[in-house]
Amino acid sequence: MPQLHINLRLIEENAYKVLEKCSKFNVEVVGVTKVSLGDPKIAQALKRAGIKIIGESRVQNILRMIENGVEGPFMMIRIPPKDDLVKIIRWCDYVLVSELKTVEWMEEIANDMNKTISAIYMIDVGDLREGVWYKDAAEEIIRALKISKKVKIIGVGTNLGCYGGVLPSTTNLGLLVEIRDLVEKRLSCQLPVVSGGNTSALKLLEEGRLPSGVNQYRVGEAIFLGTDVTNNRQIDWLNQEAIILEAPVIEVKMKPSFPEGETGQDAFGRKPIFIDKGMRKRAIIALGEQDITPSGLKPLDKGAQVIHSSSDHTIIDVTDAERKIEVGDTMRFKLSYGALLRAMTCPHVEKIYTQGV
Ligand SMILES: *Cc1c(COP(=O)(O)O)cnc(C)c1O
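Residues numbered from 1 in each chain as written. Predicted model: local features only at pLDDT ≥ 70, side-chain atom pairs only at ≥ 80, totals over all residues. Heavy atoms only, no water.

Draft legend 1. Up close: the site of the ligand. Close to the ligand lie 14 residues; Lys34, Thr199, Arg218, Gly220 and Glu221 are nearest. The contact in question runs from an oxygen atom of the ligand to an N or O atom on the side chain of Thr199, over 2.6 Å. Within the complex, the protein chains bury 93% of what would otherwise be the 380 Å² of accessible surface of the ligand. Residue composition of the shell around the ligand, by class: 5 nonpolar, 4 polar and 5 charged. (Near = heavy atom within 4 Å. Polar contact = N/O pair within 3.5 Å; in protein donor to acceptor, adjacent residues only side chain to side chain. Areas by Shrake-Rupley, 256 points an atom, 1.4 Å probe, with all protein chains shown as cover. Nonpolar A, V, L, I, M, F, W, Y, C, P; charged D, E, K, R; others polar.)

This is the structure we're talking about:
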């Protein structure tokens, strides 16, 4: 069975370094566990590092953490579906919102339950995922503030680098702060939280370009992988090997690199591109699209190259691998965010926790 080796100590160290970096600029860190299916051991590692708020995208994952003794506060970082609101108000302390209707529903439920919940209103400053378009944001947030009592709107937030791949900048995060200031002035109210970014915004901090006023980041990828996919970089002050995937080699054979016979589409309706490199030594490992995204596997064996996956098989060219790879061996890989997400959420990948180096 493929295994994910999760080094909790390295995760804790990465979390601590992110926290330390952000604290210097008075930026609070929300530790985002969504890539881990709300793994309680991972959440505890973040807590040990000193992170207070745990951010999650699925309410089931928050329940999983609570049932396993993880203490909040919890932040629901996906704008919530109506059906989840009762659970969210019961279990969460913070929620990201972007719809007046959702605020109204939450207001009713919170009233019935006699509970309060803090909300951060999401503003879209260009990436085109969630949030009210920045030009309309002040008006909508003012209306939301007027209808909310049990729902405490404590600030504004934005998400970048996820759909449009738009990079956080002094300009777009500056807009967020401007809108907050405008709303505060218009209503003489306080919106103390400006939740300005995720992993992709760490670069702004490092370069000293974060506009003042932004005071919260919600961070996942950097802590688990030490990478920043949006800026296409490894974060050199973090560790990239906190989580490693191991998979068994189930076949090693010399084969041509170009298929024989008339070709149609592969098992997923794709048309792979073949380059004829002659005879190659090819290993098959026992995992596939169900467990990972093949493009996100980075072999630790120097010279090995991932070619393609179907549901359960991944083909790797090991002709130029430094190590001699044989059937029965295991191969080890670093993972992209997408590959880690699939591996963590796949029941066929065993999770092994290590504390050591
Ligand atoms: C996933 C997510 C994050 C964390 O993003 P990373 O790139 O993993 O740091 C933050 N905020 C929201 C709204 C998210 O969906």
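So much for the structure itself; the text now carries on.
Draft legend 2. Representation of the layout of surface pockets in the model. In this structure, the largest pocket spans a volume of roughly 660 Å³. Around the largest pocket, the lining comprises 29 residues; the ones closest to its centre are Lys34, Ile77, Arg129, Cys162 and Tyr337. Both domains that meet at the lining of the largest pocket, namely domain 1 (8–234) and domain 2 (243–354), each give it at least three residues. What lines the second largest pocket is a set of 17 residues, among which Ser257, Ile273, Phe274, Arg282 and Ile307 lie closest to the centre. At the level of secondary structure, the elements contributing two or more residues to the lining of the second largest pocket comprise strand 14 (279–285), strand 16 (305–309) and strand 17 (314–317). The dominant element in the lining of the second largest pocket, judged by the number of residues it contributes, is strand 16, at 4 residues. Classifying every residue of the lining of the second largest pocket by side-chain character gives 10 nonpolar, 3 polar and 4 charged. (1 Å grid on protein atoms, 1.4 Å probe; cavity = no way out; pocket = protein on both sides within 12 Å on 5 of 7 lines; lining within 4 Å. Points joined across faces, edges and corners; volume = space filled by probe spheres on them. Domains from an automatic or database assignment. Helix = DSSP H or I, 4+ residues; strand = E, 2+ residues; numbered from the N terminus.)

Draft legend 3. View of the packing of aromatic side chains. What the rule picks out here adds up to 2 aromatic pairs. Between the aromatic rings of Trp133 and Tyr134, the centroid separation amounts to 5.0 Å while the plane-to-plane angle is 50°, which identifies the pairing as tilted. By relative accessible area, Tyr134 is classed as partly exposed at 24%. Ring centres of Phe258 and Phe274 lie 6.0 Å apart, and the angle between their planes is 70°; on these two criteria the pair is classed as edge-to-face. Highlighted residues: Phe258 in the loop between strand 13 (243–256) and strand 14 and Phe274 in the loop between strand 13 and strand 14, separated in sequence by 16 residues. Among the residues examined, Phe258 registers a relative accessible area of 43% and is labelled partly exposed. Residue classification places Phe274 among the partly exposed positions, given a relative accessible area of 37%. Just above the ring of Trp237 sits the side chain of Lys21; from NZ or CZ to the centre is 4.6 Å. The residue whose ring lies beneath Lys41 is Tyr353, and the NZ or CZ to ring-centre distance is 4.6 Å. (Phe/Tyr/Trp six-rings, centres within 6.5 Å; stacked < 30°, edge-to-face > 60°. Buried < 20%, exposed > 50% of the residue type's maximum accessible area, 1.4 Å probe, protein only. Lys NZ or Arg CZ within 6 Å of the ring centre and 35° of its normal.)

Draft legend 4. Region of interest: the domain arrangement of the chain. Partitioning the chain into domains gives domain 1 (8–234) and domain 2 (243–354). Relative to domain 2, the C-alpha centre of domain 1 lies at a distance of 35 Å. Contacts between the two partners involve 14 residues from domain 1, matched on the other side by 11 residues from domain 2. Counting the surface lost from both domain 1 and domain 2, the interface buries some 1200 Å², and carbon and sulfur atoms represent 68% of this. Taken together, domain 1 and domain 2 are joined by 0 salt bridges. (Contact = heavy atoms within 4.5 Å. Buried area = accessible area lost by both parts, 1.4 Å probe. Salt bridge = Lys/Arg side-chain N within 4 Å of Asp/Glu carboxyl O.)

Draft legend 5. Examining the pairing of strand 14 more closely. In terms of residue burial, strand 14 counts as a mostly covered element, since 5 of its 7 residues are buried. One ladder, built from 7 bridges, connects strand 13 with strand 14; its direction is antiparallel. From the neighbouring strand, Val249 faces strand 14, where its bridge partner is Ile285. Where strand 14 meets strand 17, 4 bridges bridge the pair, whose relative direction is antiparallel. (Pairing = 2+ DSSP bridges.)

Draft legend 6. Fine view of the nonpolar core. Core analysis: the largest hydrophobic core is formed by 100 residues, its most contacted members being Leu4, Ile11, Val18, Tyr217 and Phe224. Here this core takes 7 residues from helix 1 (residues 8–24), the largest share from any one element. A domain split of this core shows at least three residues from each of domain 1 (8–234) and domain 2 (243–354). Look past the residues within four positions of Phe224 in its chain and what remains in contact with it is Ile11, Val32, Thr33, Val35, Ile42, Leu46, Ala242, Ile243 and Leu340. (Core = buried A, V, L, I, M, F, W, Y, C linked by side-chain atoms within 4.5 Å.)

Draft legend 7. Representation of the pattern of salt bridges. Per the stated rule, a full pass over the model turns up 20 salt bridges. Between Glu139 and Arg186 there is a salt bridge, and its shortest N-O distance comes to 3.2 Å. Highlighted residues: Glu139 in helix 6 (residues 134–147) and Arg186 in helix 7 (residues 170–187), separated in sequence by 47 residues. Overall, the relative accessible area of 45% leaves Glu139 in the partly exposed class. Taking the shortest distance from any N to any O, the salt bridge between Asp228 and Arg233 comes out at 3.0 Å. Taken as a pair, Asp228 and Arg233 share a single burial class, namely buried. The network of salt bridges with common partners includes Asp266, Arg270, Glu289 and Arg342.

Draft legend 8. Representation of the environment of Leu145 within the structure. Turning to its location among the elements, Leu145 is positioned in helix 6. For Leu145, the contacting residues outside a window of four places in its chain are Ile153, Val183, Leu187, Cys189 and Leu191.

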